[in-house]
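Residue-level structural notes
These are the residues of each chain, in order.
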Amino acid sequence: MPAYADLVTCLKQLLGAEPELRAEKGNVPNDLEAFYVSRIVDTADEEVGAVLFDLRGGVELSGRLLGFPPAAIEEQAKSEPSADILDGMNEVINNLGGFVNRANPDLRVRVRPLEKFSSAEFGWLPQNTARIGNAT
């Protein structure tokens, strides 16, 4: 995983301002059904990790990237994200993927587009110990 400082740098470059994050420690949350996930795959298309956004965090980052006013971001966070917000969330994911590659020069990865989380497909995720958790 990239260092926390690299994550902050990535988001600062995207948003043009210091991101308002707080580090979270501990295990992956138990209830992930409200999350969106981007699979991180290697050159053989094998899953090697994932990036998760909860609705609130994804909308906040995407809305700020797209220049939405705070009221529009709040409105978007109340329901399923619009196509524009999803595109913005994927742009954040793409940039984070570059930082994952920089942290792992011997393992080239790609990030897949975001999708709704499905516990049936990601049973391995809660056992993963390499984690950076942040909240906006």
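A brief structural summary. As the structure is a computational prediction, the values presented were derived from the model and not from experiment.

Here is what the cut-offs are and how they apply
Residues numbered from 1 in each chain as written. Predicted model: local features only at pLDDT ≥ 70, side-chain atom pairs only at ≥ 80, totals over all residues. Heavy atoms only, no water. Helix = DSSP H or I, 4+ residues; strand = E, 2+ residues; numbered from the N terminus. Buried < 20%, exposed > 50% of the residue type's maximum accessible area, 1.4 Å probe, protein only. Contact = heavy atoms within 4.5 Å. Phe/Tyr/Trp six-rings, centres within 6.5 Å; stacked < 30°, edge-to-face > 60°. Lys NZ or Arg CZ within 6 Å of the ring centre and 35° of its normal. Core = buried A, V, L, I, M, F, W, Y, C linked by side-chain atoms within 4.5 Å. Pairing = 2+ DSSP bridges. Expected span 1.5 Å × (residues − 1). Arc of directions from axis to C-beta. Salt bridge = Lys/Arg side-chain N within 4 Å of Asp/Glu carboxyl O.

1. Observations concerning the overall build of the protein
In terms of regular secondary structure, the protein is built from four helices and six strands. Start at the N end of the protein and walk to the C end: the helices and strands fall as α-β-β-β-α-α-α-β-β-β. Across the 136 residues that make up the protein, the buried fraction comes to 40%. In the protein, once contacts between residues fewer than 6 apart in sequence are set aside, the share between residues at least 24 apart is 64%.

2. Overview of the packing of aromatic side chains
Summed over all chains, the structure comprises zero aromatic pairs. Between Arg102 and the ring centre of Phe99, over which it is positioned, the NZ or CZ distance is 4.3 Å.

3. Brief notes about the nonpolar core
Leu11, Phe53, Val92 and Leu96 are the most contacted members of the largest nonpolar core, which totals 26 residues. Elements represented by at least two residues in this core include exactly α1 (4-15), β2 (35-42), β3 (47-54), α2 (55-66), α4 (83-103) and β4 (109-111). For this core, the element with the highest residue contribution is α4, accounting for seven residues. Residues in contact with Leu11, not counting those within four places in the same chain, are Gly16, Ala17, Pro19, Leu21, Leu61 and Val92.

4. Observations concerning the side chain of Gln76
Summarising the element assignment, Gln76 is placed in helix α3 (residues 70-76). Apart from the residues within four sequence positions on either side, Gln76 is in contact with Val59, Phe68, Pro81, Ser82 and Ile85.

5. Quick notes on the pairing of β3
Strand direction decides the pairing type here: β2 and β3, joined by seven bridges, are antiparallel. Bridge pairing in β3 links Val41 to Glu47. The loop that links β2 with its antiparallel partner β3 comprises four residues; one of these, Asp45, has a positive phi angle of about 65°.

6. Regarding α1
Under the 1.5 Å per step criterion, the end-to-end length of α1 is 16 Å for twelve residues, consistent within 8% with the ideal 16 Å. Of the positions making up α1, those classed as buried are Leu7, Val8, Cys10, Leu11, Leu14 and Leu15. The arc that holds the buried residues of α1, viewed along the axis, is 160°, so those residues lie on one side. Once α1 ends, the next one or two residues include Gly16, with phi positive near 75°.

7. Considerations on unusual backbone geometry
Most peptide bonds are trans, and most residues other than glycine sit at a negative phi. Positive phi, close to 65°, is recorded for Asp45, a residue that is not glycine. One can find Asp45 in the loop between β2 and β3. Taking the relative accessible area as the measure of exposure, Asp45 reaches 41% and is therefore partly exposed.

8. Quick look at the pattern of salt bridges
Enumeration over the complete set of coordinates arrives at seven salt bridges. Its salt-bridge partner being Glu115, residue Arg39 comes within 3.0 Å of it at the nearest N-O pair. In this pair, Arg39 sits in strand β2 while Glu115 sits in strand β5 (residues 115-116), placing the two residues 76 residues apart along the sequence. A residue is classified by how much of its surface remains accessible, and Arg39, at 14% relative accessible area, is buried. Glu75 is paired through a salt bridge with Lys78; the nearest N and O atoms lie 3.7 Å apart. Under the relative-accessibility criterion, Lys78 is labelled exposed at 65%. Through salt bridges with shared partners, one network takes in Arg39, Glu47 and Glu115.

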